[in-house]
Amino acid sequence: MADTARARRLAKRIAQIVASGLEYEVKDPRLAMVTITDARLTADLRDATVYYTVFGDDADEAATAAALDSATGVLRSRVGRQTGVRFTPTLTFVADSVPANARRLDEALARAKEADAEVARLASGAAPAGEADPYRKREESVEADGVSGAGEDERDGEV
């Protein structure tokens, strides 16, 4: 088993090598708007998962996935030459879900903000349903029970 710190360093290096390989070596126009966001390496340093994002719509994402699939061999060779490890890890490209999750979170926060504004708007002109102070005071509760003068503390001692 490899050291986890070594695996993290190698994964970071693989992400840099793949990004520069996409920019300078692979001449596919479908890869023009791709960004390598992260790379993860298994503990045995055999498999690398490279995460990427694409600026564009679903058709651009599908075209980028196909282009990355076709360029995997070239990129793996480049990784092997530049890392110098005994076994060059296999590369798997996965579309990064972080931007989509961030967009969904932003939309949920916007809906919550609109709902809070609506509640604040409705509450601005609202009045209490009952009295201004709906809680009973101790004196009022004693008079309502019909016991005058003797408090609960005094009654507890007389058994």
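Residues numbered from 1 in each chain as written. Predicted model: local features only at pLDDT ≥ 70, side-chain atom pairs only at ≥ 80, totals over all residues. Heavy atoms only, no water.

Enquirer: Would you explain unusual backbone geometry in this entry?
Expert: Excluding glycine, residues mostly have negative phi values, and the peptide bonds linking residues are mostly trans. Its identity as a non-glycine residue notwithstanding, leucine 45 has a phi of 60°, on the positive side. Tracing the chain through its elements places leucine 45 in the loop between strand S1 (34-41) and strand S2 (47-54). For leucine 45, a relative accessible area of 11% translates into the label buried. (Helix = DSSP H or I, 4+ residues; strand = E, 2+ residues; numbered from the N terminus. Buried < 20%, exposed > 50% of the residue type's maximum accessible area, 1.4 Å probe, protein only.)

Enquirer: Teacher, can you tell me more about the sheet that holds S1 here?
Expert: Sheet strands associate in pairs through backbone hydrogen bonding, adopting either a parallel or an antiparallel arrangement. Strand order in the open sheet made by the three strands is S1-S2-S3, with mixed pairing throughout. Two strands in the sheet have a free side with no partner beyond their single neighbour: S1 and strand S3 (90-95). Between one strand axis and the next, the sheet turns by 30° as a mean value, whatever way the strands run. Looking at chain direction, S2 and S3 are connected through six bridges and run parallel. Residue pairing for S3: valine 50 is matched across the bridge by phenylalanine 93. The sheet strands contacting helix H1 (residues 4-24) are S1, S2 and S3, and the helix crosses S1 at an angle near 155°. Its contacts with the sheet put helix H2 (residues 58-83) on S1, S2 and S3, and the angle it makes with S3 is roughly 160°. (Pairing = 2+ DSSP bridges. Axes fitted to C-alpha atoms, helices over the stretch in contact; angles between N-to-C directions. Contact = heavy atoms within 4.5 Å.)

Enquirer: Got a minute to help me understand a negative patch on the surface in this structure?
Expert: On the surface, a cluster of negative charge is contributed by Asp57, Asp58, Asp60 and Glu61. Mapped onto the elements of the fold, aspartate 60 is located in helix H2. (Patch = residues over 30% accessible without salt bridge, like charges linked within 9 Å, V, L, I, M, F, W, Y side chains within 5 Å. Areas by Shrake-Rupley, 256 points an atom, 1.4 Å probe, with all protein chains shown as cover. Salt bridge = Lys/Arg side-chain N within 4 Å of Asp/Glu carboxyl O. Lys, Arg positive; Asp, Glu negative; His and termini not counted. Charge placed at Lys NZ, Arg CZ, Asp CG, Glu CD.)

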